[in-house]
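Results of the structural survey
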Amino acid sequence: MLGRTLREVSTALKQGHITPTELCQKCLSLIKKTKFLNAYITVSEEVALKQAEESEKRYKKGHSLGDLDGIPVAVKDNFSTSSIETTCASNMLKGYVPPYNATVVQKLLDKGAVLMGKTNLDEFAMGSGSTDGVFGPVKNPWSYSKQYREKRKQKAHGENEDSNWLITGGSSGGSAAAVAAFTCFAALGSDTGGSTRNPAAHCGVVGFKPSYGLVSRHGLIPLVNSMDVPGILTRCVDDAAIVLGMLAGHDPKDSTTIQDPVKPFTLPTFADVNKLCIGIPKEYLAPELSSEVRSFWSKAANLFESEGAKVIEVSLPHTSYSIVCYHVLCTSEVASNMARFDGLEYGHRCDINVSTEAMYAATRREGFNDVVRGRILSGNFFLLKENYENYFIKAQKVRRLIANDFVNVFNSGVDVLLTPTTLSEAVPYLEFIKEDNRTRSAQDDIFTQAVNMAGLPAVSVPVALSNQGLPIGLQFIGRAFCDQQLLKIAKWFEKQVQFPVIQLQELMDDCSSDFEIEKLSSVSLKQ
Amino acid sequence: MSSLLSASSALREDALRRLKREMWARAVKLGLRSWVGWRRGFTSKADPQRSGRVTAEVIEHLERLALVDFGSQEAVARLEKAIAFADRLRAVDTDGVEPMESVLEDRCLYLRSDNVVEGNCAEELLQNAHRVVEEYFVAPPGMCSPKWLNRLSLSELRI
């Protein structure tokens, strides 16, 4: 049952094949079994069981609230959840209990979703590995998959199985791992530079970033106000569309949400592939791109072409500067957003009480890790009077050029862009930590952050397994506010590639029938 | 009446003097002096040969503005790298290009009508603070900045 899609489980609940309480308990027990993944910071067991009970009552009366009623979900720990600790994986907010729910959390709860817990992340969502939070790194469930282990046995013998575990990618690694390990059916992440799509690609799940302004950011502890969006992680594109339908729409509490009316939608089967125009940005053919990812990218392009779509090479000329521009804007906004953490009204407070400045300084030293402090200092540097014009304003100008690049490409008739999501498959933690956070982020965000600067919707879809048995994802980028169209195309593509289900048999003694590899029926991109 | 007032003001002054002595004593105990000393010593350790955008002056200025300390030479090196990285933007021709603040710049920002619809949650909000007195958040005094401490003589600090 846990391996089913959200839609399938929802149907099962409506038909009474399983009750919300049973489902909730199965997920809770699986969360306990997979505790070593460190995907969850807080497991809200009591709350979840209570919500499941209420959902069950509704189903018994025939008054279900819809497709999400009774469905276990998880939320990244930088979304405020009323009465549930929200830490952002930082000492600064350890023990902080918000008095309100983020709008997106409230919407999920209003539709009857069952909140399993808060997932782990990089501290304050800064990072691309989910390795820098105070609760420790998140382990990629694929490290323990049959597919990966079998490939490893062929290479290394007698190695300690757990010492070389893989990262999930970040910063919504906990959410991605929670979904990939079947402990919930959907999870919320946040996406500022790729933080939802990156771990989605590494964990073999769907990571969707909505258009900026479509989904409310109220209650999402902000990193970069002009780029943050809540992200959705699910096991298939259809599920992401269901969740988006519940979350999208104007929020009076977030004035950056657009006021256009939004209605929930079901994704129709996409039949007009031959009318599509797919753009392949040539600047995304980075030298660091792994040959396997490049090969899958090329095969995907060929797949569209073979179905009659027009596939053309396009140019986004300022691509090489986008990561630099992102770096300046991100650190500058971070410097501003982190200023609210002074220990006075909430969060950690140090013991020094001699003066406000000494108190603020010590509180912030104790509360933030090196990564956060580094970004605050960089941001403050770029915002100094003597640097403001040359760095911050300059970066804002470059941002317009980057956004215009996308506008020009879409105006030339391209419907959707197809790019890699990451440079390679997930790497082992021991290798990942050899470089510092800023270097890694600059490397790993290369395909994803330009989308945030332009505010466009994008989705990472798992495509196939690498030679090592690890997931590789590809990214589709759509026009602003054409999220539905984007998901339609992604759903079609997903059906073509038939990405295999992760085999975690050692953990699932009682549900082995759910986790068999699905037979590859149509065209597949397996090497 | 006047004797009462003068007595009470004398008491107040006494209390203030005692408070100041306690504060300085605590400052010493908490190693604040060492923190100030460390900061001074740290900046003077800054490598004079570093290609220096990040001079000792800049370090001090940034720490003061951000109220976050560098903590180590590594952090300074990381900032230097971050600046060098950002310098790549100079190669882009942005003549005649307007800065972009938001991707939604073509739309009108939504503004609610100015009516009170929620509030009265002082108690809830105060619960998250560590130091609270009635409905006030308690902050330490603001005049005792490091600059002040620096000016004081060592003998006073040793109280």
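Just so we're clear, the structure is a prediction, and the values are computed from it rather than from any experiment. (Residues numbered from 1 in each chain as written. Chains lettered and ligands numbered in written order. Predicted model: local features only at pLDDT ≥ 70, side-chain atom pairs only at ≥ 80, totals over all residues. Heavy atoms only, no water.)

What follows covers the interface of chain A and chain B. Accessible area lost upon the coming together of the parts serves often as the stated size of an interface. Tallying the contact residues gives 70 residues for chain A and 63 residues for chain B. The junction of chain A with chain B conceals about 6,100 Å² of combined surface from both sides, 63% of it contributed by carbon and sulfur atoms. Three residues stand out in chain A for area buried against chain B, namely A:Val354, A:Leu377 and A:Arg400, and they jointly supply 12% of the buried area on that side. Inspection of the chain A/chain B interface yields 5 salt bridges. Among the salt bridges present, the one from A:Glu357 reaches B:Arg64, with a minimum N-O distance of 3.3 Å. Taken together, the connections running from chain A to chain B amount to 20 residue pairs in polar contact (both at pLDDT 80 or more). Mapped onto the side of chain A that touches chain B, the elements with two or more residues apiece are helix 10 (319-337), helix 11 (356-367), helix 12 (370-382), helix 13 (385-411), helix 15 (437-444) and helix 16 (449-454) of chain A. Split into classes, the residues belonging to the side of chain A that touches chain B amount to 36 nonpolar, 18 polar and 16 charged. (Contact = heavy atoms within 4.5 Å. Buried area = accessible area lost by both parts, 1.4 Å probe. Salt bridge = Lys/Arg side-chain N within 4 Å of Asp/Glu carboxyl O. Polar contact = N/O pair within 3.5 Å; in protein donor to acceptor, adjacent residues only side chain to side chain. Helix = DSSP H or I, 4+ residues; strand = E, 2+ residues; numbered from the N terminus. Nonpolar A, V, L, I, M, F, W, Y, C, P; charged D, E, K, R; others polar.)

The next subject is unusual backbone geometry. Residues and elements named next belong to chain A. That bond from Gly170 to Ser171 is cis: its omega, 10°, falls within 30 degrees of zero. Following the sequence through the fold, Ser171 ends up in the loop between helix 5 (146-155) and helix 6 (173-180). The phi dihedral of Asn38 is positive, around 60°, even though this residue is not glycine. When you line up the elements, Asn38 lands in the loop between helix 2 (20-33) and strand 1 (40-43). The phi angle at Phe182 is positive, at roughly 70°, despite the residue not being glycine. Here Phe182 lies in the loop between helix 6 and strand 4 (186-191).

Glancing now at the sheet that holds strand 5 (residues 206-209) of chain A. All names here are of chain A. Strand order in the open sheet made by the 11 strands is 1-3-2-4-6-5-10-11-9-7-8, with mixed pairing throughout. On the outer flanks of this sheet lie strand 1 and strand 8 (310-314), each paired with one strand and no other. For this sheet the average axis-to-axis angle between neighbouring strands, irrespective of direction, equals 30°. Looking at chain direction, strand 2 (residues 72-76) and strand 3 (residues 114-119) are connected through 5 bridges and run parallel. Looking across to strand 3, one finds that Pro72 is bridged to Val114. (Pairing = 2+ DSSP bridges. Axes fitted to C-alpha atoms, helices over the stretch in contact; angles between N-to-C directions.)

All names here are of chain A. Summarizing the sequence annotation, UniProt attributes the feature "active site" (unreviewed entry) to Lys76, Ser171 and Ser195 in the numbering used throughout. These annotated residues cover 120 residues of sequence, and their C-alpha atoms all fall within 11.1 Å of one another, placing them together at a single site. Its location among the elements puts Lys76 in strand 2. For Lys76, a relative accessible area of 0% puts it in the buried group. Discounting residues that sit within four places of it in the chain, Lys76 has contacts with Lys118, Thr119, Leu121, Ala125, Ser171, Ser172, Ser175, Leu188, Gly189, Ser190 and Ser195. In this structure the side chain of Lys76 is engaged in a polar contact, spanning 3.0 Å, whose partner is the side chain of Ser172. Looking at Ser171, the relative accessible area reads 0%, which means it is buried. Setting aside chain neighbours within four positions, we find Ser171 in contact with Lys76, Asn120, Leu121, Asp122, Ala125, Met126, Gly127, Ser130 and Ser195. Only 2.9 Å separates the side chain of Ser171 from the side chain of Lys76, close enough to count as a polar contact. (UniProt positions renumbered as here; feature names shortened; annotations may be inferred. Buried < 20%, exposed > 50% of the residue type's maximum accessible area, 1.4 Å probe, protein only.)

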